[in-house]
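Secondary and tertiary structure notes
Below, each chain spelled out in residue letters.
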Amino acid sequence: MAEKSYQQKFLRRQLSAVVGLLLLALAAARPRPHHRLARGGAAWSADEARYSRQLLAFGRDAHARLRRARVLVAGADAVGAEVAKDLALLGVAAVDVFDGDGDGDGGGGGGAHLYGARPEATRLARTVAGAAELSETRVSAADALEVGAYDCVAACGSGREAACALSDACRAAGVPFVWCRCAGAAFCVFDDFGDGAAVASRELAGAARESVPLEPLRALGDNLYRAEAAGRQRHEACEGDFLDLDGGAVLEVRAVATPWALEAALIEGAVDTKKRCGARLRPATRILKQVSLRDALAAASFGSCDGARLDRRALDAIIGSDDAPDAAAAAAAAGVAAHDVLKAVSGGLLGGPAPGQILAHRPAAPVPDIPEAARVLVVGAGATGCELLKNLGLLGVARVTVCDDDAVAPSNLSRQFLFRPNDVGASKAERAARAAARLAPDTEYVAIPRRLDAASVDVVAWDQVDVVVSAVDSLAARAFLSRVCVERGLPFVDCGTLGAAASVQPALPHATAVSYTHLRAHETRGNLVCRLLLE
């Protein structure tokens, strides 16, 4: 029993390192405005080799707007350094970092949290210099909080009053504002895109983006029609959405009868009820009515990232705490905040309404300390794997083994923090382990540049592994790792992502269900990304 209790506590602690995946997925469901930038300038030609996945996720127009954006990051603590890092990887035009701590180190990690030992004296200088190495984004230190010069302002670590004052200033200047506060393993994120922003009801993914063939429409009277998808395909429509027919007509969905049939009103053009036609789904939009941070805190209307019930006192405790950010929580909080900045400046990611403008996260149970001798195997050194390697080291894991047979590609540079241009063509496992070791020199990193399968399973020193974390891109690899963990009695944490969506599934052998029969793998055409959908 003592061993099982130890494994359960250890597994819960490891989950904090991957919780950012779920939080980013939930952040994608928060409102995003249509783009507010109206600045001129020459059209930007996308570097498709570097940003191919980004272009796939939210399109060329939104990506071009992102590349023209200027963002102010107010605060260079651990969260601020992570936000600056994320924005530089995304490739915004400029990131200016302001830190009220002046010339002092000020605590809170800052650049030392992300970039290890550097010659710069202050956390502001470390944050700026480190982020500047990640891409062609211009990263500079700001001397003052001149919010009107930016397309979005992200305040990180600011106290309540300072953040409220900055929120008021951004509202007055018509600039989107994001605030992030992290204490220990808990955090909250606020966003204000301004009144009057048009917001799409939700994100469309996969086949929902494509034209669906419809059987001939059946007239119901008063310009109302019943539409059925050919072959009983799913239409993914909701009430209020629009169907753009191939012939130019537009229908507004009034009622959803079944997953493949609906009733819709003709609002534009004409239809031929004798012929099949194709229809493309267009989600409905609504107009945001948002408030300042000061008013949002007074109302205390907020959503919870993990389903935990947070009351006003809990939210106040997060905001008022002086606890230093947990490394994994800082990364997760910054990921949500940077995602909100991305929405504000690009307009490229769709999102539905959230219960309020404040998103809060607090662990449902106290997070135990990492055991001094903890040893973790990470399979996959891609975007998720690199974050895991960084976070596990910063959390104090003693030994991290990483397996990956792939080589670094140009498209990895915009998503995988541990790689640099001179790593292209080299082993992902070896270069990621080397870079992570510079950030966390007290952690032993072991690289295995091999695909882990039945033929190579013995290359891992299994007596040096306490937990296995999967960051692979196929269902077959996940199923194999799951079986190995059951056979060896090892806790297993699996995570998968697709664009802004993500899932995390922890399992303890013989204590929790371990099965992949209820999962579907969704492979996007021509791209090695995988999304796991729990039925």
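Preceding this paragraph is the structure being described.
We now turn to the structure provided with this report. (Residues numbered from 1 in each chain as written. Predicted model: local features only at pLDDT ≥ 70, side-chain atom pairs only at ≥ 80, totals over all residues. Heavy atoms only, no water.)

1. Remarks on the overall build of the protein chain
Cut-off, in case you're wondering: Secondary structure follows DSSP: runs of H or I at least 4 residues long count as helices, runs of E at least 2 residues long count as strands, and numbering of each begins at the N terminus. Burial here depends on accessible area, computed with a 1.4 Å probe over protein chains only, as a share of the maximum for the residue type. Under 20% is buried, over 50% is exposed, and the range in between is partly exposed. Contact between two residues is taken to exist if any of their heavy atoms lie within 4.5 Å; hydrogens are not considered. The Shrake-Rupley method, run with a 1.4 Å probe sphere, supplies the accessible areas, and residue values consider only the shown protein chains as cover.
The helix and strand inventory of the protein chain stands at 13 helices and 25 strands. Residues counted as buried form 54% of the 535 residues belonging to the protein chain. Taking all contacts inside the protein chain whose residues are at least 6 apart in sequence as the whole, residues at least 24 apart take part in 71%. Of the roughly 22,300 Å² of accessible surface on the protein chain, 51% is carried by carbon and sulfur atoms.

2. So, the sheet that holds strand S11 (residues 242-245)
Selection rule: Pairing between strands is defined by DSSP: at least two bridges between them are needed. Axes here refer to lines fitted to C-alpha atoms; in helices the fit is confined to the stretch in contact. Angles between the N-to-C directions go from 0 to 180 degrees.
Read across the open sheet, the 7 strands follow the order S8-S14-S11-S12-S13-S10-S9; overall the sheet is antiparallel. Strands at the two margins of the open sheet, each flanked by one partner only, are strand S8 (212-214) and strand S9 (218-221). Ignoring strand direction, the axes of neighbouring strands in this sheet form an average angle of 40 degrees.

3. So, the environment of Gly347
In this structure, Gly347 sits in the loop between helix H10 (327-346) and strand S17 (358-361). Separated by 285 residues in the primary sequence, Gly347 and Ala62 have C-alpha atoms spaced 5.8 Å apart.

4. Considerations on the pattern of salt bridges
To keep things clear, this is the line we draw: A pairing counts as a salt bridge when a side-chain nitrogen of Lys or Arg comes within 4 Å of a carboxyl oxygen of Asp or Glu.
For the structure shown, the criterion picks out 24 salt bridges. Across the pair Lys428 and Asp406 runs a salt bridge, and its minimum N-O distance is 3.6 Å. Highlighted residues: Lys428 in helix H12 (residues 428-439) and Asp406 in the loop between strand S19 (399-403) and H12, separated in sequence by 22 residues. Judged by its relative accessible area of 7%, Lys428 falls in the buried class. Within the structure, one salt-bridge network assembled from shared partners comprises Glu82, Lys85, Asp86, Glu387 and Lys390.

5. Quick look at the pairing of S19
We count it as follows: The definition of a right-handed crossover adopted here requires that, viewed with the strands pointing away, the path from the first strand over the helix to the second runs clockwise.
The buried fraction of S19 is high, at 5 of 5 residues. The alternating pattern of S19 places Arg399, Thr401 and Cys403 on one face and Val400 and Val402 on the opposite face, and all of these are buried. Taking the sense of rotation as the criterion, the β-α-β connection linking strand S18 (residues 375-379), helix H11 (residues 383-395) and S19 turns out right-handed. With 5 bridges connecting them, S19 and strand S20 (residues 444-448) associate as parallel partners. Bridge pairing in S20 places Arg399 opposite Glu444. In this view, the connection linking S19 to its parallel neighbour S20 by way of H12 has right-handed handedness.

6. Structural notes on the packing of aromatic side chains
Keep this limit in mind: The criterion for an aromatic pair is that two Phe, Tyr or Trp rings (for Trp, the six-membered ring) have centres within 6.5 Å, with stacked assigned to planes under 30 degrees apart, edge-to-face to planes over 60 apart and tilted to the rest. Whether a charge sits over a ring depends on NZ of Lys or CZ of Arg being within 6 Å of the ring centre and within 35 degrees of the ring normal.
Summed over all chains, the structure comprises 1 aromatic pair. A centroid spacing of 6.2 Å and a plane angle of 55 degrees characterise the contact between Phe177 and Phe190, whose relative ring orientation is tilted. Of this pair, Phe177 sits in strand S5 (residues 177-183) while Phe190 sits in strand S6 (residues 186-192); the two residues are 13 residues apart in sequence, bridging distant segments of the chain. Across the pair, exposure class does not vary: Phe177 and Phe190 are buried alike. The side chain of Arg420 reaches across the aromatic face of Phe417, ending 5.7 Å from its centre.

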